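Coordinate analysis (summary)
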Amino acid sequence: MASRLIGNLKGVGQYDHDGLLTQKFYKKLKGRSPIVGVYYSIKPVAIFIDINLIKDFASFHDRGIYYNERDDPLSTHLISLPGDKWKQLPSTCSPTFTSLKMKTMFSTMMEVEMKRKLTKFARVEKSLTLKKVMSLFTMDVIGMGGCAFGFETNSLEDENNEFFRMGISVFDNPGYSTRSTFVLQAFRGYARKLRLKLFRDEVIKFYTDFVRNTIDYRLKNKEERNDFMQILIQLHTSKREDKLSFNEVVGQTFVFHIAGFEASASILQFCFYELACNPDIQNRLRHHINQVLRKYDGEVTYEAIMDMKYLDQIVNETLRKNPPFGMLSRETTLNYKIPGTDCILEKGTSLHIPIYAIHHDPEFYPNPSKFNPDNFSEEAVKNRHPIAFLPFGAGPRACIGVRFGVMHVKLGVIAGLRKFKYTLSPKTRQPIKLQSKFFVAQPEGGIWLNIESVD
Ligand code: HEM
């Protein structure tokens, strides 16, 4: 039953993660209706139940996310931008993730740093909360020279550096709860008129200053680097009519920084949790990693990581069982007739794809609450509906950083597992409950593991 004020958002931001909310509708309606209509406040939203509709969903370009370029440049990023502005960006950003570039990015350097940090935990504290260590690690990889911004954050060494502090605060101390963000989205026009910002002033100032200083420095010193920042500077200083405004450069810088570390840190902590709960799988994976690395003289290279098939299965199964995002959002840009019905979704209708629910549907994954890497054997993948695995979205607006993100996570697993063994600490609350106030999946109370060195 929908409430007049918050529609069907009861529980969101209070008890339920958005993935679990959409799962409730999915479970109720599966097999009975291709979609379900719910209310977010007074705004109608359609949740797709029939997985076959998702291929059409690829043609709905916009997400209908709130942004306010004038007052909050951080909100004006690739994820929120609609239509033509969006079309200009992905192809220009993609050179950041070529295979050649990734080969140079994944050095043993990061692995060594991570090992040093974990050794301290294994020797002194004997247990650790994973989220922080993984966030420090992923922050360093995304900032690394030649990758996105061309600076080294050294977060693993210095947890107080400003990039780490600001980046993490976006998630730990968001401007709005999940539920308020949904309501803001429902009333975008009014919110813009009221000049509401999505992010806190301190965070906006930090990223705006960083971009201004970087652009000024590079232009003044005629310094050109082979990184994502350089691509944005070129788009900003070009003579093209559709060149990026300064605020749009700030928005893209922000989203690459944020998207690059929080989702990866979430996957890593769930991966180590699953490995701690399944010691046989943990041992098998460690053995596999060491066996492959022996072929590459112990060097953690791009090619060595690509050769680790069992690691690939483990990462995919982690993404299946614990997707960082519980659902995808789109908005119809034209009237859309639902195939096989008389139902028309009017232009401007919000749509959600329930990723979490699909990943936990026994039709696609038998015994879905079991961590089972065999779900990603070649055979199992071949026999499954191709759209039943959506951690990076689908269609033209799927994640632009997917290859980088996956490599990033694999590097973290290798660094964390080669020389260390994990068991579950009693401090981890069981069963895992996802925090309701965050979009990116985070377990309540964090995940605590005991760590010891292995020879
Ligand atoms: C490793 C973990 C990651 C996960 C699970 C993830 C997941 C997602 C998902 C679910 C979407 C929405 C896709 C859709 O609506 O169909 C998305 C979009 C996006 N992601 Fe990621 N992502 C990850 C890493 C990254 C990284 C490392 C970057 C960049 C450095 C990145 C940049 C983006 C951008 C810019 C978009 C918007 C694309 C567009 O609208 O055209 N992501 N991501």
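From a predicted model like this one, the values you see are computed outputs, not experimental measurements. (Residues numbered from 1 in each chain as written. Predicted model: local features only at pLDDT ≥ 70, side-chain atom pairs only at ≥ 80, totals over all residues. Heavy atoms only, no water.)

**Observations concerning the overall build of the protein chain**
In terms of regular secondary structure, the protein chain is built from 18 helices and 9 strands. Counting only residues that meet the buried cut, the protein chain has 57% of its 455 residues in that class. At a minimum sequence separation of 6, the contacts of the protein chain that also span at least 24 residues come to 73%. Summing over all exposed atoms, the protein chain offers an accessible surface of approximately 20,300 Å²; the carbon and sulfur share of this is 53%. (Helix = DSSP H or I, 4+ residues; strand = E, 2+ residues; numbered from the N terminus. Buried < 20%, exposed > 50% of the residue type's maximum accessible area, 1.4 Å probe, protein only. Contact = heavy atoms within 4.5 Å. Areas by Shrake-Rupley, 256 points an atom, 1.4 Å probe, with all protein chains shown as cover.)

**Structural notes on the packing of helix α15 (residues 309–321) against helix α18 (residues 402–417)**
Running from N to C, α15 and α18 point in directions that differ by 110 degrees, and their axes come no closer than 11 Å. Classed by the angle they form, the pair α15 and α18 counts as roughly perpendicular. In this structure, the crossing between α15 and α18 has a hand that is right-handed. Here L311, D312 and V315 of α15 lie close against α18, whose contacting residues are V409, K410, V413 and I414. (Axes fitted to C-alpha atoms, helices over the stretch in contact; angles between N-to-C directions. Parallel < 35°, antiparallel > 145°, perpendicular 65-115°, else oblique. Left-handed = near helix turned anticlockwise from the far one by under 90°.)

**Examining the site of the ligand**
If you check the shell around the ligand, you find 27 residues, and the closest are R63, W86, R330, R397 and C399. Note that an oxygen atom of the ligand is positioned 2.7 Å from one of the side-chain N or O atoms of R330. Between the ligand and R397 there is a distance of 2.9 Å, counted from an oxygen atom to a side-chain nitrogen or oxygen. At the level of elements, α12 (246–277), β4 (328–331) and α18 are the ones that each hand at least two residues to the shell around the ligand. The greatest single-element share of the shell around the ligand, amounting to 6 residues, is contributed by α12. Taken together, the residues of the shell around the ligand break down into 19 nonpolar, 5 polar and 3 charged. (Near = heavy atom within 4 Å. Polar contact = N/O pair within 3.5 Å; in protein donor to acceptor, adjacent residues only side chain to side chain. Nonpolar A, V, L, I, M, F, W, Y, C, P; charged D, E, K, R; others polar.)

**Focus: helix α10 (residues 201–220)**
Its 20 residues give α10 an end-to-end C-alpha distance of 28 Å, which sits within 8% of 28 Å, the value for a rise of 1.5 Å per residue. All buried positions along α10 are accounted for by V203, I204, F206, Y207, T208, F210, V211, T214, I215 and R218. Once α10 ends, the next one or two residues include K222, with phi positive near 50 degrees. (Expected span 1.5 Å × (residues − 1).)

**Some points on the nonpolar core**
Membership of the largest hydrophobic core comes to 46 residues, with the highest contact counts inside it found for L128, F272, L285, I314, I414, Y422 and L449. Secondary-structure elements contributing two or more residues to this core are α6 (130–143), α12, α13 (279–295), α14 (302–306), α15, α18, β8 (420–424) and β9 (448–453). With 9 residues, the top contributor of residues to this core is α12. Residues contacting F272, with those up to four places away along its chain left out, are L130, M134, G412, V413, G416, L417, Y422 and L449. (Core = buried A, V, L, I, M, F, W, Y, C linked by side-chain atoms within 4.5 Å.)

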